[in-house]
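Residue strings, one per chain:
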Amino acid sequence: MFQHIAVLGAGVMGHGIAQLFAQAKKDVQLYDMYPSSLEKAKKSIKNSISMLIEKGLLTKEEGEQSLNRIHFTTELPTALKQAELIIEAIPEVIEMKWEMYQKIEELVGSEVIIASNTSAFPLTLLHEHSKYPERFIIMHFFNPAQLVPLVEIVKVDVTNEQIVNAIEKLMFEVGKSPVVLQKEVPGFIANRLQFAVIREALWLFENNVASAEDIDIAMKESLGFRYAFIGPLESMDFGGLDTMDYICNNLLPKLSDVKETPHALQTLVEKGKLGVKTGEGFYTYDGEKAVEKIKKRDDLFVELLKLKS
Ligand SMILES: NC(=O)c1ccc[n+]([C@@H]2O[C@H](COP(=O)([O-])OP(=O)(O)OC[C@H]3O[C@@H](n4cnc5c(N)ncnc54)[C@H](O)[C@@H]3O)[C@@H](O)[C@H]2O)c1
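Residues numbered from 1 in each chain as written. Predicted model: local features only at pLDDT ≥ 70, side-chain atom pairs only at ≥ 80, totals over all residues. Heavy atoms only, no water.

Section: a positive patch on the surface
Taken together, the side chains of Lys-220, Lys-289, Lys-293 and Lys-296 define a basic patch exposed on the protein surface. Here Lys-289 lies in helix H13 (residues 289-308). Judged by its relative accessible area of 35%, Lys-289 is partly exposed. (Patch = residues over 30% accessible without salt bridge, like charges linked within 9 Å, V, L, I, M, F, W, Y side chains within 5 Å. Areas by Shrake-Rupley, 256 points an atom, 1.4 Å probe, with all protein chains shown as cover. Salt bridge = Lys/Arg side-chain N within 4 Å of Asp/Glu carboxyl O. Lys, Arg positive; Asp, Glu negative; His and termini not counted. Charge placed at Lys NZ, Arg CZ, Asp CG, Glu CD. Helix = DSSP H or I, 4+ residues; strand = E, 2+ residues; numbered from the N terminus. Buried < 20%, exposed > 50% of the residue type's maximum accessible area, 1.4 Å probe, protein only.)

What follows is the structure, given as C-alpha cells:
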C-alpha cells in the first residue's frame, strides 16, 4: 500500500516530506502553485541528498534514484492522478486549506486519504466542509521532515480507524517515530511543549534578561542536551518529584502567560525579517550563510540520529 504519494506545497515542510518518501522508494508528486517554490525545493532536496551521500547514509545511486522518484508539478490534477495518500503542506491559513480540500475532493475518489501537516488546527475544523471526513487525518512532521523522527498522528471519532493504523504502519516503514494522540487538542503534543518554551524565550529576550545567543545557549546546553534522550516527565522523575512540586508552586505563577504573539516576534515579522528564509531574524544569514547554516544543522541532526539509533 501507499506507493503513490502526493505532497501539496513545496515549502519548508513539503520538500522534506517529499524527500523522505522518495528515499523510502515511494513515487512522489510534489505540487506547488509557484514554479519558483518548486525550483527552490529541488535545490534544497539536492543539497540534503548530497549531505546524506557525504555522510555515507545513501549511496550516490540511491541519492539519484530518490531524486528521480520526485515529480515536480504545478498541475494539481497531475499531482493527484495516481495518489493513494495526499499530504497537504500549504500555509497555515484555514481558508486556503479548505479551498484546497474542496479542489482535491473534486479530483479524487473517496478512498484516497487526505492528510494535513497543520501545526495546530484541529482535525474537526480542517474537515468541516468535507464530503468524506472519515478519510482525513493529521500527520504532523517536524522540520527538517526528512530527518526529525517524530510524526504526530491525530484522529477524531469520525476518522476511519483502518486509516489510522495504515498511516502509523507507513510511518514505521519509512523510519519515523509516530505517536497517535488519544484526543484532539490544539497544538497536539510537541507544539504545546515547543510554544510554552518559545513564549518564555521571548519573554526573557524582551525583558533583556539575556541576549538571543545566551538564551539559545542556555537551552542547547541544558534542556536540549537532555531532551534528545530523556523526556520532561522522565526528567522530573530523575530530579525528584517533591523538589519539582516546590518549584512548580514557586515558579509557575511567575511565568509568562501572554495570550498573543509577543512584541519581539511581531516586530521582526512586520519588518519582513522572517529568519533564514529572508536572511535575517533574531540572527543574520548573509548570502550563502543560510545554506551553510542549514547544512551544518542537518549534519548535526544526522549525527544525533546515528547516536539515537
Ligand atoms: N515550518 C515548520 O517548521 C512547520 C512544521 C510543522 C508543520 N508546519 C505546517 O506545515 C504547513 C506548511 O508550512 P511551511 O512552513 O512548509 O510553509 P511554507 O510557506 O514554507 O510553504 C508553503 C508552500 O505552499 C505553497 N502554496 C501556497 N498556497 C498554495 C496553494 N494554494 N496550493 C499549492 N501550494 C501553495 C507556497 O508556494 C509554499 O511553497 C503549514 O500548515 C505549517 O503550519 C510547519
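Details of the site of the ligand
Taken together, 23 residues sit near the ligand, with Met-13, Asp-32, Glu-92, Lys-97 and Ser-119 positioned nearest. In the model, an oxygen atom of the ligand is placed 3.3 Å from a nitrogen or oxygen of the Ile-90 main chain. At 2.8 Å from an oxygen atom of the ligand is found a side-chain nitrogen or oxygen belonging to Lys-97. Here the ligand loses 80% of its free accessible area of 830 Å² to cover by the protein chains. Elements with a minimum of two residues in the shell around the ligand: helix H1 (12-23) and helix H5 (94-107). Of the residues belonging to the shell around the ligand, the class tally is 12 nonpolar, eight polar and three charged. (Near = heavy atom within 4 Å. Polar contact = N/O pair within 3.5 Å; in protein donor to acceptor, adjacent residues only side chain to side chain. Nonpolar A, V, L, I, M, F, W, Y, C, P; charged D, E, K, R; others polar.)

Quick look at the pattern of salt bridges
Tallied over the entire structure, the rule returns 14 salt bridges. Residues Lys-295 and Glu-54 are paired through a salt bridge, measuring 3.4 Å at the closest nitrogen-oxygen approach. One end of the pair, Lys-295, is in helix H13; the other, Glu-54, is in helix H2 (residues 35-54), and 241 residues separate them in sequence. When the shortest N-O distance is used, the salt bridge between Lys-155 and Glu-161 registers 3.4 Å. Through salt bridges with shared partners, a single network forms among Glu-54, Lys-55, Lys-295, Asp-299, Glu-303 and Lys-306.

Observations concerning the packing of aromatic side chains
A full pass over the atoms with the stated rule returns three aromatic pairs. Ring centres of Tyr-101 and Phe-136 lie 5.1 Å apart, and the angle between their planes is 80°; on these two criteria the pair is classed as edge-to-face. On the criterion of sequence distance, the pair formed by Tyr-101 in helix H5 and Phe-136 in strand S6 (residues 136-140) is long-range, its members being 35 residues apart. Tyr-101 sits in the buried class, given a relative accessible area of 4%. A relative accessible area of 2% places Phe-136 in the buried class. Ring centres 5.4 Å apart and planes at 90° place the aromatic pair Phe-205 and Phe-282 in the edge-to-face group. Here Phe-205, found in helix H8 (residues 190-206), pairs with Phe-282, found in the loop between helix H12 (263-270) and H13; they are 77 residues apart in sequence, far enough to count as distant. Classification of Phe-205 by relative accessible area gives partly exposed; the value is 30%. The side chain of Lys-308 reaches across the aromatic face of Phe-229, ending 5.1 Å from its centre. (Phe/Tyr/Trp six-rings, centres within 6.5 Å; stacked < 30°, edge-to-face > 60°. Lys NZ or Arg CZ within 6 Å of the ring centre and 35° of its normal.)

Keep in mind that these numbers describe shape and distance, not what the molecule does.
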